Amino acid sequence: MALKIKVENLSLTIPIISPDKSFRHTLMNKYIGGNINQSKNSHVSVTALNNINFSLNSGDRLALVGHNGAGKTTLLNVLAGIYKPTQGTLICNGTVTPLFNQAPGIDKDDTGLDNIRTVCMFLGMSEAEIVQRTPDIVEFTELQDFIHLPVRTYSSGMLARLSFAIATSLQPDILLLDEGISVGDQRFGHKAKARLDKFYNTIDVMICASHSEQLLRELCNKAMLLNHGRIQAYGDLDTVFAAYNQVQEAV
Amino acid sequence: MENVSTTIPIESANFTAYESDLALAKADVLNGLRNFRLWHYIALTEIRRRYRRTIIGPFWTTLSIGIFILAMSIVLSALWNTSTKDFLPYFSSGYICWMLMSNLILEGCYTFVGNDHYLKQLSLPYIIYACMTTWRNLMVFAHHLVIFALVLLYCGHSLNFNLLFIVPGLLIIFFTGIWLCLLLGMLCARYRDVQQIITSLLQLAMFVTPIMWKPEQLGPKGLLITKINPLYHYLSIIRLPLLGQMPTIENWLVTISLSCLLVLFTFALFTKKYRTLIYWL
C-alpha cells in the first residue's frame with residue numbers, strides 16, 4: 001500500500017486582523033507611545049489546528065467529523081495548500097484536488113462551454129484533457145443546445161448538473177470534499193448516482209468533511225473526530241461516531 | 001515562523017511538502033511564471049467579460065481615450081502656442097503609455113483583494129494573479145495603439161526603426177508590472193488604506209510627469225522634475241520609440257536598476273509574508 005498523505009505534528013495559527021489594527025494604527029504605533037503601544041505585541045490569533053498526526057494510504061476514505069469550528073474545513077484547507085501550516089510537516093503524494101465549491105470560476109455570463117473550459121483550466125487540466133473530456137461533460141449534462149447559451153439563462157437544476165458533470169469528470173489522486181457533491185434534481189438522481197460511484201471508485205484517497213453521518217458512512221472507511229483543533233478520536237467509523245455522539249450528548 | 005521542518009516529498013509528489021519560506025516563495029514564482037497558459041487565459045476571459053454584449057468591446061475605452069486626447073490636444077496646443085499636428089503625436093503617445101502605467105498601478109492594488117474567491121478555493125501560485133493583471137493591461141494597451149496609428153496618419157508622421165526599441169521597453173514594463181502588482185497586491189490586502197493613498201497620488205503624478213507638457217517648457221526646473229521622477233523614465237522607454245526616438249541610456253539605466261530593486265524588495269517581503277498572505281483576505 002502506497003503512502004499518500006502523511007501529516008506530522010501539524011499546527012496552524014491564524015492571525016486575526018481587525019479593521020482598527022489597520023494602517024492608522026501601525027502609523028500611530030510608531031509615533032505615539034504609551035497606551036496604544038500596549039496593543040502592539042498582543043496580536044490576536046486563533047490556534048485552529050493543534051498537533052495533528054495521521055497518515056493515509058491508497059484506498060483510504062477519511063471522514064472528518066466535529067462541531068462547527070472544530071477545524072474540519074481548516075484541515076481541508078491545509079491539505080489543499082491554501083493555508084500553509086505554522087508548524088509541522090505535510091506530505092501529499094499525488095495531485096490534490098479540492099472541491100469545496102463545486103466549480104471555481106463559473107461566470108454567469110459565459111456560455112456553458114466557456115465555463116467548462118474555465119473550470120477545467122483552474123483545476124489544472126491540460127489542453128488535451130480539456131478537449132478530450134468536454135464532449136463527455138456536455139453529453140452527461142443533457143443540456144444540448146443550451147450549452148452554447150450563457151449560464152445565467154439556466155435553471156438552477158441545469159446549473160447544478162453542469163457543475164456536477166465538470167466535478168465528476170476530474171481524475172484526482174487525492175480528493176478533498178466539503179459536504180460531498182450534490183447531485184441536483186430527482187429525475188437526474190439515478191444517472192448521477194451511477195456516475196458519482198464511478199467517480200469515487202477512481203479516486204485513490206478521499207477526505208470528506210460533513211455533518212451528515214449517513215453520507216460519511218456511505219463514502220468513507222475511516223474517520224477522525226476533531227475538537228478545538230485537536231484529534232479526539234481516530235479509527236474506524238463506528239468508534240469515532242460513538243465518540244462523536246457522546247460528545248454531542250454531553251453538549 | 002518557528003520550527004518549520006523541512007521535508008522531502010516521497011516519489012514524484014506533485015504537491016510538495018512544506019519547506020522553508022524561501023523555498024516556498026521561490027517555487028511559487030517559478031511555477032507561476034511558467035504557467036503562461038493559465039494567466040493568459042484568465043486575462044483574456046476577464047477582458048471578454050468586462051465588455052460582454054458591447055459591440056466594440058475593449059475599444060470603448062479606446063474611444064473615450066481617443067476623444068479625450070483629441071479635445072485636450074486642441075486646448076493644449078492653443079495654450080502652448082504650437083500647432084495641433086505637432087502636439088498630437090507627443091500628447092497621444094504620452095497619454096496612452098501613461099494609461100498603461102497608471103492602470104497597472106491602480107489594478108495592481110486589486111491583485112489579491114479582487115481575486116480572493118480564487119485564492120480561498122485553489123492553491124495556485126500567488127504570482128499568477130500578478131501576471132494576469134499585468135498581461136491584461138498590456139493587451140488593453142495594444143488596443144489603444146490604434147489611436148496612435150490614427151494620429152500618425154492624420155499628422156503625416158512616419159515611424160522609423162527606433163520603433164523597435166519599444167520591445168525592450170515593454171519587456172521592462174511587463175516584468176516590473178508583475179512585481180509591482182505583487183507588491184501593491186500584498187500592501188493593499190494588508191492595509192486597505194493604501195489603495196486610497198495610491199489613487200490620490202496617481203492623480204497628482206499625472207500632472208508632474210511630462211505628458212501634457214514638455215520638460216523644456218519648465219526650463220531648468222522641468223529638467224530637475226524629469227530627472228527625479230521615476231515614472232518619467234518608465235514612460236520614456238515606451239513613448240520615445242513611438243515618437244521615432246531612441247530612449248536615452250539614462251532612461252534604461254534608471255528603469256532597470258529601479259526594477260531590480262523592486263524585485264529584490266518585493267521578493268523579500270513575499271518570502272516573509274508568504275504564509276500569512278491568505279489570512280489578510
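Cut-off values and rules
- Once a new chain begins, its residue numbering starts again from 1 and follows that chain's sequence as written.
- For naming, the first written chain is A and the first written ligand is 1, with later ones following in the order written.
- Only residues with pLDDT of at least 70 get local features here, since the model is predicted, and only at 80 or more are side-chain atom pairs given and counted; chain-wide, interface and lining totals rely on the full set of residues.
- In this text, helices come from DSSP runs of H or I with a minimum length of four residues, and strands from runs of E with a minimum of two, each type numbered from the N-terminal end.
- Values of the radius of gyration come from C-alpha atoms, whereas the globule rule sets the reference at 2.2 Å times the count of residues to the power 0.38.
- Counting other C-beta atoms within 10 Å of a residue's C-beta gives its exposure: the residue is buried at 20 or more, exposed at 12 or fewer, and partly exposed in between, where C-beta atoms are placed from the backbone.
- Strand pairing is assigned whenever DSSP identifies at least 2 bridges connecting the two strands.
- Each axis is a line fitted through C-alpha atoms, and for a helix only the stretch in contact is used; angles between axes span 0 to 180 degrees, taken between their N-to-C directions.
- Domain delimitation in this document rests on an assignment produced automatically or drawn from a domain database.
- Residue pairs are scored as contacts if the distance between their C-beta atoms, which are placed from the backbone, is within 7 Å.
- Following the grouping adopted for this structure description, the nonpolar residues are Ala, Val, Leu, Ile, Met, Phe, Trp, Tyr, Cys and Pro, the charged ones are Asp, Glu, Lys and Arg, and the polar ones are all others, Gly among them.
- Only buried Ala, Val, Leu, Ile, Met, Phe, Trp, Tyr and Cys residues enter a nonpolar core, and they are joined through C-beta atoms within 7 Å.
- Note on scores: pLDDT gives the predictor's confidence for each residue, bounded by 0 and 100.
- Orientation categories follow fixed angle ranges, with anything under 35 degrees roughly parallel, anything over 145 roughly antiparallel, 65 to 115 roughly perpendicular, and all other angles oblique.
- Crossing handedness: left-handed means the near helix sits turned counterclockwise from the far one by under a right angle, and right-handed means the same turn made clockwise.

(A) Region of interest: the overall build of chain B. Counting secondary structure elements, chain B contains eleven helices and zero strands. Element order for chain B, N to C, with α for helix and β for strand: α-α-α-α-α-α-α-α-α-α-α. A compact globule built from 281 residues should have a C-alpha radius of gyration of about 19 Å, and chain B, at 21 Å, falls within 12% of that. Dimensions of chain B, computed from C-alpha atoms along their principal axes, come out at roughly 70 × 45 × 40 Å. Going through the 281 residues of chain B one by one, you find that 35% of them count as buried.

(B) Quick look at the sheet that holds strand E4 (residues 87–92) of chain A. All names here are of chain A. On the basis of which strands lie adjacent, the open sheet formed by three strands has the order E2-E1-E4 and antiparallel pairing. Each edge of the open sheet carries a strand with a single partner, namely strand E2 (45–57) and E4. For this sheet, the mean inter-axis angle between neighbouring strands, taken without regard to orientation, is 20°. Pairing of strand E1 (residues 3–15) with E2, which is carried by nine bridges, proceeds in the antiparallel orientation. The partner of leucine 12 across the bridge, within E2, is leucine 49.

(C) View of the domain arrangement of chain A. Residues and elements named next belong to chain A. Split by domain assignment, chain A resolves into domain 1 (3–94 + 210–250) and domain 2 (99–203). Contact with domain 1, which involves eleven residues of that partner, is made by seven residues of domain 2. Residue contributions to the side of domain 1 that touches domain 2 peak at three residues, all from helix H3 (residues 72–79). Partitioned by chemical class, the residues of the side of domain 1 that touches domain 2 number seven nonpolar, three polar and one charged.

(D) Representation of the sheet that holds strand E6 (residues 174–178) of chain A within the structure. Residues and elements named next belong to chain A. Spatially, the six strands line up as an open sheet ordered E5-E6-E7-E3-E8-E9, and their pairing is mixed. Pairing within the sheet leaves two strands with one partner each, and these edge strands are strand E5 (96–99) and strand E9 (230–235). Neighbour-to-neighbour, the strand axes of this sheet turn through a mean angle of 20°, independent of strand direction. The pairing of strand E3 (residues 61–66) with strand E7 (residues 205–209) spans four bridges and is classified as parallel. Bridged to alanine 63 within E7 is cysteine 208. Across the sheet, H3 is in contact with E3, E5, E6, E7 and strand E8 (222–227); its angle to E7 comes to roughly 150°. Lying over the sheet, helix H9 (residues 237–250) contacts E3, E8 and E9, oriented at roughly 25° with respect to E8.

(E) Focus on the nonpolar core. A:Leu64, A:Leu79, A:Ile166, A:Leu176, A:Cys208, A:Ala223 and B:Leu182 are the most contacted members of the largest nonpolar core, which totals 121 residues. When residues of this core are assigned to domains, at least three fall in each of domain 1 (3–94 + 210–250) and domain 2 (99–203) of chain A. Apart from residues no more than four positions distant in its own chain, A:Cys208 is found in contact with A:Ala63, A:Leu64, A:Leu177, A:Gly180, A:Leu216, A:Leu219 and A:Cys220.

(F) Spatial organisation of the environment of B:Cys260. Relative to the helices and strands, B:Cys260 resides in helix H11 (residues 249–273). Along the backbone, B:Cys260 and B:Trp179 are 81 residues apart, and their C-alpha atoms lie at a distance of 9.8 Å.

(G) Representation of the confidence of the model for chain B in the model. All names here are of chain B. Per-residue pLDDT for chain B has a mean of 86; in total, 93% of the residues score no lower than 70. Confidence over residues 1–17 falls short of pLDDT 50; this stretch has 35 contacts with residues more than four positions distant or in other chains. Interface confidence for the predicted complex, given as ipTM, is 0.82, next to a pTM of 0.86.

(H) Broad picture of the packing of helix H10 (residues 230–242) of chain B against H11(B). All names here are of chain B. With their axes 9 Å apart at the nearest point, H10 and H11 run at an angle of 115° to one another. The pairing of H10 with H11 is recorded here as roughly perpendicular in orientation. Along this stretch, H10 crosses H11, giving a crossing that reads as left-handed. On H11, the residues that touch Pro230, His233, Tyr234, Ser236 and Ile237 of H10 are Asn251, Trp252, Val254, Thr255 and Leu258. Class assignment of the residues belonging to the contact of H10 with H11 gives a composition of six nonpolar, four polar and no charged.

(I) Here's a closer look at the environment of A:Pro150. Mapped onto the elements of the fold, A:Pro150 is located in the loop between helix H5 (127–141) and helix H6 (156–167). Among all residues touching A:Pro150, those that are not within four sequence positions of it are A:Lys108, A:Asp109, A:Asp110 and A:Thr111.

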